Amino acid sequence: MNIYNFDLNLLRVLDVLLRERNVSRAAERLSLSQPAVSNALNRLRELLDDPLLVRVGRGMQPTPRALSLEAPIRDALQQIEHTLNAGDFFDPATSRQRFVIAVTDYVELLCMPKLMARLAQVAPGVQLAIEHLTPSLPTEALDRGELDLVLGRFVEVPTRFHACHWASETLQVAVRKGHPQVGETLDLDDFLRLRHLWVHGGQTRGMVDQWLEEQDLRRDVVYTTPNYLQAAHIIASSDLAAVLPTQLARYFARLLPLQLFDLPFELNGFQLDIVSLAQRQNDTALRWLIEQISATAPKATHL
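Parameters at a glance
- Residues numbered from 1 in each chain as written.
- Predicted model: local features only at pLDDT ≥ 70, side-chain atom pairs only at ≥ 80, totals over all residues.
- Heavy atoms only, no water.
- Helix = DSSP H or I, 4+ residues; strand = E, 2+ residues; numbered from the N terminus.
- Axes fitted to C-alpha atoms, helices over the stretch in contact; angles between N-to-C directions.
- Parallel < 35°, antiparallel > 145°, perpendicular 65-115°, else oblique.
- Contact = heavy atoms within 4.5 Å.
- Nonpolar A, V, L, I, M, F, W, Y, C, P; charged D, E, K, R; others polar.
- Domains from an automatic or database assignment.
- Buried area = accessible area lost by both parts, 1.4 Å probe.
- Polar contact = N/O pair within 3.5 Å; in protein donor to acceptor, adjacent residues only side chain to side chain.
- Pairing = 2+ DSSP bridges.
- UniProt positions renumbered as here; feature names shortened; annotations may be inferred.
- Left-handed = near helix turned anticlockwise from the far one by under 90°.

**Q** Before we move on, can you summarise unusual backbone geometry with the specific residues and values?
**A** A positive phi angle, near 55°, is found at Asp 49, a position not held by glycine. Mapped onto the fold, Asp 49 is located in the loop between α3 (34-48) and β1 (53-56). Positive phi, close to 65°, is recorded for Leu 52, a residue that is not glycine.

See the structure below:
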């Protein structure tokens, strides 16, 4: 096939059809009429000699050929978009750009107040939309451009993404002041006697429980929650204990009657990274935002 004779606008139509799998929804997303999208699909079918999408019930099912084209076409369109945008002039002081970022509630508390104060001074028109971050890297949302970047802890980052170190973190044990089972120090036996709250964050097993399991030990977890911010308040008003990220534990210890202890065993710290698509490294606006986020990093805790 001669690419110079191929209408590249058809690839954009195909990309949206593969996302929506419905001609009417694709037409609405493309701001085209339904007949125009149907006509484009027919042209694609003729050019590629494949049905591409076949009707199943009220939706459409991609053929194997269409599925094989989906990721390469999407990557190519994104690369073109990012290349064209790379040369755009970005003025933070006047920009109204909206960025979508995924973080946990813990990272949101540490980063976003500082970041918004910073943006209020240098980029008052820039808008941020925060999405909830699950334990695994949301690769598909980043690939589709639904997220501009994510900030969190990730075990593995595929090579098509760029990771920038934001902060190093450790863990501490938090209990309420005056806890009847806790004195001035906390050893491993004391730790195991406590009833625990665990912030699971969508995980099935955390760092602490993995270490305990390797030592053939187990703590008594009686309450689990996905929310770090609620955890601190529950600990402050009960006899439960929680292992929290040090920066978060110290933040709440200034606001709530909490007593903090180092873990009574050796456990490596962890790293928080800013992750975005590697092919967007020439995106001036995104690069600027990453610089602003990097400037909000908390001071490193001891490792």
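**Q** Lay out the packing of helix α2 (residues 23-30) against α3 in plain terms, naming residues and giving numbers.
**A** Axis separation between α2 and α3 bottoms out at 8 Å; the angle between their running directions is 110°. Classified by the angle between their axes, α2 and α3 sit roughly perpendicular to one another. Facing α2, whose interface residues are Val 23, Ser 24, Ala 26, Ala 27 and Leu 30, α3 presents Gln 34, Val 37 and Ser 38. Tallied by class, the residues present in the contact of α2 with α3 amount to five nonpolar, three polar and no charged.

**Q** Got a sec to walk through the domain arrangement of the protein? Specific residues and values, please.
**A** For the protein, the domain assignment lists domain 1 (3-85), domain 2 (98-162 + 277-295) and domain 3 (171-262). Here the C-alpha centroids of domain 2 and domain 3 sit 28 Å apart. Counting the surface lost from both domain 2 and domain 3, the interface buries some 830 Å², and carbon and sulfur atoms represent 72% of this. Taken as a group, Asp 105, Tyr 106 and Leu 109 account for 59% of the area that domain 2 buries against domain 3, more than any other trio of residues on that side. One can count two residue pairs in polar contact (both at pLDDT 80 or more) joining domain 2 with domain 3.

**Q** Residue-level account of the sheet that holds strand β8 (residues 195-199), with values.
**A** The strands that make up a sheet pair up through hydrogen bonds in the backbone, lying either parallel or antiparallel. Ordered in space as β9-β8-β10-β7-β11, the five strands form an open sheet in which the pairing is mixed. On the outer flanks of this sheet lie β9 (220-225) and β11 (258-262), each paired with one strand and no other. Ignoring which end each strand starts from, the neighbouring axes of this sheet average 35° apart. In this structure, strand β7 (residues 171-176) lies alongside β11, joined through five bridges in antiparallel fashion. Residue pairing for β11: Ala 174 is matched across the bridge by Leu 260.

**Q** Give me the lowdown on the UniProt feature "domain: HTH lysR-type" (unreviewed entry) in the protein, citing residues and values where you can.
**A** The positions UniProt marks with the feature "domain: HTH lysR-type" (unreviewed entry) are residues 6-63. The distance from the first to the last C-alpha atom of residues 6-63 is 21 Å, and the span holds 60% helix and 14% strand.

**Q** Give me the lowdown on the packing of helix α5 (residues 105-122) against helix α10 (residues 246-253), citing residues and values where you can.
**A** With their axes 10 Å apart at the nearest point, α5 and α10 run at an angle of 70° to one another. With respect to each other, α5 and α10 are oriented roughly perpendicular. Of the two elements, α5 crosses α10, and the hand of that crossing is left-handed. Two secondary-structure elements touch here, α5 through Tyr 106, Leu 109 and Leu 110 and α10 through Gln 247, Leu 248, Tyr 251 and Phe 252. Taken together, the residues that form the contact of α5 with α10 break down as six nonpolar, one polar and no charged.

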